[in-house]
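Each chain is listed here by its residues.
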Amino acid sequence: MNLKQLINKTTYGTIGYIASEDDLTRIEQYIVYNLKILNEFNKIIVATNYGGDFQTQNTQIWKKYLPECIILDSPINRGHNFGTADLDNLIFDYCKKNNIEWLCKSANDILLQSGLLDVEIENADFYYFNGFSFETIYKNNFDLETLINNHFTPQTNFYFINVSKVDYLNNKDYLDQTYEQVKQIDNYNGKIWEYIKNWSCEHFLADCIIRNNLKKQSLLNDQQYFSLFNLIKNYKIGDPSHKNIMINGVCHFHFPSQNIIIP
């Protein structure tokens with residue numbers, strides 16, 4: 001089947017951080033760009049944390065284009081890594097509580113194009129983009145097959161998951177414990193993975209998929225995987241989140257002043 005059939009019964013959950021009027025302007029631009037695809041989803045959930053008093057404006061913008069969307073505002077903001085994990089949990093917990101079966105977890109800086117609807121998929125519980133960098137390729141001897149077989153680091157800014165088959169996403173007790181730990185670190189640089197091994201939302205997501213024995217499928221076919229692999233290898237791209245690269249109608253458009261690359 002194609003992905004459109006799944007999308008039509010899926011809830012789209014997006015997260016973001018708002019700290020300025022510029023952030024609000026950019027979010028509205030992204031909504032307008034994505035609106036045709038967003039309307040294909042069964043329901044929309046928006047989870048946000050803030051660096052200022054922007055809750056009302058943010059809600060008004062989303063409701064202007066998607067009147068039935070669910071707004072989940074986080075009462076706390078624990079910074080980039082912890083804040084992201086908290087927002088992911090906020091959406092996931094809402095889905096569990098309301099018996100939502102399928103979630104497309106996304107982020108506010110994701111662009112969507114119609115090609116996404118035509119992606120061919122097989123029956124699975126989890127559809128994803130694997131995150132990898134030039135370093136990952138180097139560690140796998142510059143061999144794509146070796147990388148595919150040995151490296152599973154699903155990107156957390158866009159994936160589909162059958163929530164009904166999962167116990168939890170990010171361990172809240174562990175998040176609280178490690179948050180208290182980093183508060184005690186002098187001159188903490190914000191890169192928690194440099195202090196606590198395997199602390200990343202990608203690692204938590206991979207653990208969730210493995211722990212719950214979910215059947216997984218990449219959203220890339222072999223040729224697309226090969227093209228992306230060569231792009232990252234040839235240009236020595238060090239960021240595994242594939243920013244500003246359009247793949248199958250999905251782009252993590254983190255740098256709006258820069259061009260989009262199509263492998």
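Check the entry above for the structure.
What you see is a predicted model, and the numbers here were worked out from it, not measured in a lab. (Residues numbered from 1 in each chain as written. Predicted model: local features only at pLDDT ≥ 70, side-chain atom pairs only at ≥ 80, totals over all residues. Heavy atoms only, no water.)

### Side note on the packing of helix H4 (residues 80–97) against helix H7 (residues 172–183)
Okay, so step 1: The N-to-C vectors of H4 and H7 enclose an angle of 165 degrees; their axes lie 11 Å apart at closest approach. The angle between H4 and H7 places the two elements in the roughly antiparallel class. Crossing hand, H4 versus H7: left-handed. Counting all contacts with H4, which are made through Phe 82, Ala 85, Asp 86, Asn 89 and Asp 93, the residues of H7 involved are Lys 172, Leu 175, Thr 178, Tyr 179 and Val 182.
Okay, so step 2: Looking at the contact of H4 with H7 residue by residue, the classes come out as five nonpolar, two polar and three charged. (Axes fitted to C-alpha atoms, helices over the stretch in contact; angles between N-to-C directions. Helix = DSSP H or I, 4+ residues; strand = E, 2+ residues; numbered from the N terminus. Parallel < 35°, antiparallel > 145°, perpendicular 65-115°, else oblique. Left-handed = near helix turned anticlockwise from the far one by under 90°. Contact = heavy atoms within 4.5 Å. Nonpolar A, V, L, I, M, F, W, Y, C, P; charged D, E, K, R; others polar.)

### Examining the pairing of strand S1 (residues 11–18)
Successive side chains on a regular strand alternate, one facing one side of the sheet and the next facing the other.
Okay, so step 1: Most of S1 is tucked away, with seven of its eight residues classed as buried.
Okay, so step 2: Where S1 and strand S2 (residues 43–50) come together, eight bridges link them in parallel fashion. Along S2, the bridge assignment pairs Ile 15 with Ala 47.
Okay, so step 3: Here S1 pairs with strand S4 (residues 102–107) via five bridges, running parallel. For Ile 15, the partnering residue across the bridge sits in S4 and is Ala 107. (Buried < 20%, exposed > 50% of the residue type's maximum accessible area, 1.4 Å probe, protein only. Pairing = 2+ DSSP bridges.)

### Some words on the pattern of salt bridges
Think of it this way: side chains of opposite charge can pair up when their charged atoms draw near.
Okay, so step 1: Scanning the model with the defined rule gives twelve salt bridges in all.
Okay, so step 2: Its salt-bridge partner being Arg 26, residue Asp 23 comes within 3.9 Å of it at the nearest N-O pair. On the criterion of helical spacing, the pair formed by Asp 23 and Arg 26 is a turn pair, its members being three residues apart in helix H2 (residues 21–38).
Okay, so step 3: Via salt bridges that share partners, Arg 78, Asp 86 and Asp 176 belong to a single interconnected network. (Salt bridge = Lys/Arg side-chain N within 4 Å of Asp/Glu carboxyl O.)

### Focus: H2
Okay, so step 1: Considering bend angle alone, the principal kink of H2 is centred on Val 32 and spans about 40 degrees.
Okay, so step 2: Three or more residues of H2 are buried, namely Asp 23, Leu 24, Ile 27, Tyr 30, Ile 31, Asn 34, Ile 37 and Leu 38.
Okay, so step 3: Where H2 is buried, its residues contact S1, S2, helix H3 (55–65) and strand S5 (110–112). (Bend = angle between axes of the 7 residues up to and from the residue.)

### Concerning unusual backbone geometry
Okay, so step 1: Despite not being glycine, Asn 198 has its phi angle at roughly 70 degrees, a positive value.
Okay, so step 2: Along the chain, the position of Asn 198 falls in the loop between H7 and helix H8 (201–211).
Okay, so step 3: For Asn 198, a relative accessible area of 40% puts it in the partly exposed group.

### Considering the side chain of Asn 81
Okay, so step 1: Relative to the elements of secondary structure, Asn 81 occurs in helix H4.
Okay, so step 2: What Asn 81 contacts, discounting residues up to four positions off in sequence, is Tyr 188, Gly 190, Ile 192, Trp 193, Trp 199 and Cys 201.

### With respect to H4
Okay, so step 1: With 18 residues, H4 should cover 26 Å at 1.5 Å per step; its first-to-last C-alpha distance of 26 Å lies within 8% of that length.
Okay, so step 2: H4 sits mainly inside the fold: 13 of its 18 residues count as buried.
Okay, so step 3: Looking one or two places after H4, you find Asn 99, whose phi comes out positive at around 55 degrees. (Expected span 1.5 Å × (residues − 1).)

### Let's talk about the nonpolar core
Okay, so step 1: Core analysis: the biggest nonpolar cluster contains 72 residues, and Leu 3, Leu 112, Phe 126, Phe 158, Phe 160, Ile 161 and Leu 219 have the highest contact counts within it.
Okay, so step 2: Apart from the residues lying within four places of it in its own chain, the contact partners of Leu 3 are Leu 116, Leu 117, Val 119, Ile 121, Phe 160 and Leu 219.
Okay, so step 3: Phe 82, Val 182, Ile 192 and Ile 196 belong to the second-largest nonpolar core, a separate cluster that totals nine residues. (Core = buried A, V, L, I, M, F, W, Y, C linked by side-chain atoms within 4.5 Å.)

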